[in-house]
Amino acid sequence: MKVTFLGSGGSAVSERRACPSIMLDESTVFDLGPGALKNLRASHIQTEKIRKVFISHQHADHITDLIPFLWAIQIDGRQAPLEIYGPPGFKEIFTKLLECTSTTDGFFKFPLTISEIDFGAKLGNISTCRTSHSIPTLAFRVEENAKSFCYSADTIYCPAVIELAHDADLLIHEAT
Ligand SMILES: [Zn+2]
């Protein structure tokens, strides 16, 4: 299990930090806050290897580089499928993002799947819960090779996140 921080800087990009974005094993990305795409490019990771993107919630500091990321991988000539997951209501949000960036139907030539994850749902080796935030927000836990990784985006004190993160080998927790 290899964790790469593409962004770790809270709600505003600074000279040194991008907003939240965490890559797991070069195949899964959690959130794509502003500045994350630049750091992804700087990491020289092959974007073709990224197969899943999980978005915790729609606040600007967690989602703003999603559409630029999709443009970048399309321009790279991506062929591999990509799955994007978000909280309930995410499909509508994604459609609006495409509309307001004039990203037309058919712009992406690679297979792209957009899905919503119900709070508390499990997706393979990934468990989720709802955090205590002003809008619907997911936290994630991944189990892999007897290791566990937990990522909670924005929340106040939240028993569900405590339960999700219990005994995790690594907890990454938003703390703006
Ligand atoms: Zn937020």
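Structure report, in brief. (Residues numbered from 1 in each chain as written. Predicted model: local features only at pLDDT ≥ 70, side-chain atom pairs only at ≥ 80, totals over all residues. Heavy atoms only, no water.)

**Some points on the side chain of E174**
Alright, step 1. Mapped onto the elements of the fold, E174 is located in the segment after β11 (170-173).
Alright, step 2. Although E174 is buried, it forms no salt bridge, and the closest oppositely charged side chain is R17 at an N-O distance of 11 Å.
Alright, step 3. What E174 contacts, discounting residues up to four positions off in sequence, is G10, P20, D61, H62, S152, A153 and D154. (Helix = DSSP H or I, 4+ residues; strand = E, 2+ residues; numbered from the N terminus. Buried < 20%, exposed > 50% of the residue type's maximum accessible area, 1.4 Å probe, protein only. Lys, Arg positive; Asp, Glu negative; His and termini not counted. Salt bridge = Lys/Arg side-chain N within 4 Å of Asp/Glu carboxyl O. Contact = heavy atoms within 4.5 Å.)

**Focus on the coordination of the zinc ion**
Alright, step 1. Looking at the zinc ion, one finds its protein donor set to be H57 (NE2), H59 (ND1), H133 (NE2) and D154 (OD), positioned 2.1 to 2.2 Å from the metal centre.
Alright, step 2. Coordination at the zinc ion is irregular: its 4 donor atoms span angles of 92 to 159° at the metal.
Alright, step 3. Overall, H133 belongs to the partly exposed group, its relative accessible area being 26%. (Donors = N, O, S within 2.8 Å, 3.2 Å for Na, K, Ca; no water. Tetrahedral: all angles 85-135°; square planar, octahedral: opposite > 155°, others 65-115°.)

**Quick word on the sheet that holds β11**
Alright, step 1. Read across the sheet, 5 strands follow the order β7-β8-β9-β10-β11 without closing on themselves; strand pairing throughout is mixed. Each end of this open sheet is capped by a strand with a single partner; those strands are β7 (122-123) and β11. (Pairing = 2+ DSSP bridges.)

**As for the packing of aromatic side chains**
The description of an aromatic ring pair rests on the distance of the ring centres and on the angle between the ring planes.
Alright, step 1. The final tally for this structure, using the stated rule, is 10 aromatic pairs.
Alright, step 2. Pairing F30 with F140 gives two aromatic rings, centres 5.1 Å apart and planes at 50°, and the pair type is tilted. Residue F30 is found in strand β3 (residues 28-30), and its partner F140 is found in strand β9 (residues 138-144); the two are separated by 110 residues along the sequence.
Alright, step 3. Aromatic pair F108 and F110: ring centres 5.6 Å apart, planes at 50°, arrangement tilted.
Alright, step 4. By relative accessible area, which is 4% here, F110 ends up buried.
Alright, step 5. Through a chain of ring-to-ring contacts, three or more aromatic side chains come together here, namely F30, F54, Y85, F140, F149 and Y151.
Alright, step 6. Just above the ring of F110 sits the side chain of R78; from NZ or CZ to the centre is 5.7 Å. (Phe/Tyr/Trp six-rings, centres within 6.5 Å; stacked < 30°, edge-to-face > 60°. Lys NZ or Arg CZ within 6 Å of the ring centre and 35° of its normal.)

**A closer look at the pattern of salt bridges**
Working definition: two side chains of opposite charge can pair if their charged atoms are close together.
Alright, step 1. A complete count under the given rule lists 5 salt bridges for this structure.
Alright, step 2. For E26, the salt bridge goes to K2, with nearest N and O atoms at 3.2 Å. Taken together, the residues span a long stretch of sequence, with E26 in the loop between β2 (21-24) and β3 and K2 in the segment before β1 (3-7) at a distance of 24 residues.
Alright, step 3. A salt bridge links K49 to E26, with the shortest nitrogen-to-oxygen separation between them at 3.4 Å. Within this pair, whereas K49 is found in the loop between α1 (36-43) and β4 (52-54), its partner E26 is found in the loop between β2 and β3, the two being separated by 23 residues in sequence.
Alright, step 4. A single network of salt bridges, built from pairs that share partners, joins K2, E26 and K49.

**Focus on the side chain of D154**
Alright, step 1. Its location among the elements puts D154 in the loop between β10 (147-152) and α5 (159-165).
Alright, step 2. Of the side chains with opposite charge, R130 lies nearest to the buried D154, which makes no salt bridge, at 13 Å.
Alright, step 3. Discounting chain neighbours no more than four positions away, the residues touching D154 are H57, H59, D61, H62, T131, H133, T137 and E174.

**Some remarks on the nonpolar core**
Alright, step 1. The biggest cluster of nonpolar side chains holds 27 residues, and the ones touching the most others in it are V53, L66, F69, L70, L82, I84 and F94.
Alright, step 2. Sorting the residues of this core by element identifies α1, α3 (66-76), β5 (82-86) and α4 (90-100) as the ones contributing at least two each.
Alright, step 3. Of the residues forming this core, the biggest block, 6 residues, is contributed by α3.
Alright, step 4. In this structure I84 touches V53, I55, L66, L70, F90, F94, L112, T113, I114 and S115, once residues within four positions along its chain are discounted.
Alright, step 5. Core analysis: the second largest hydrophobic core is formed by 14 residues, F54, I126, F140 and V142 among them. (Core = buried A, V, L, I, M, F, W, Y, C linked by side-chain atoms within 4.5 Å.)

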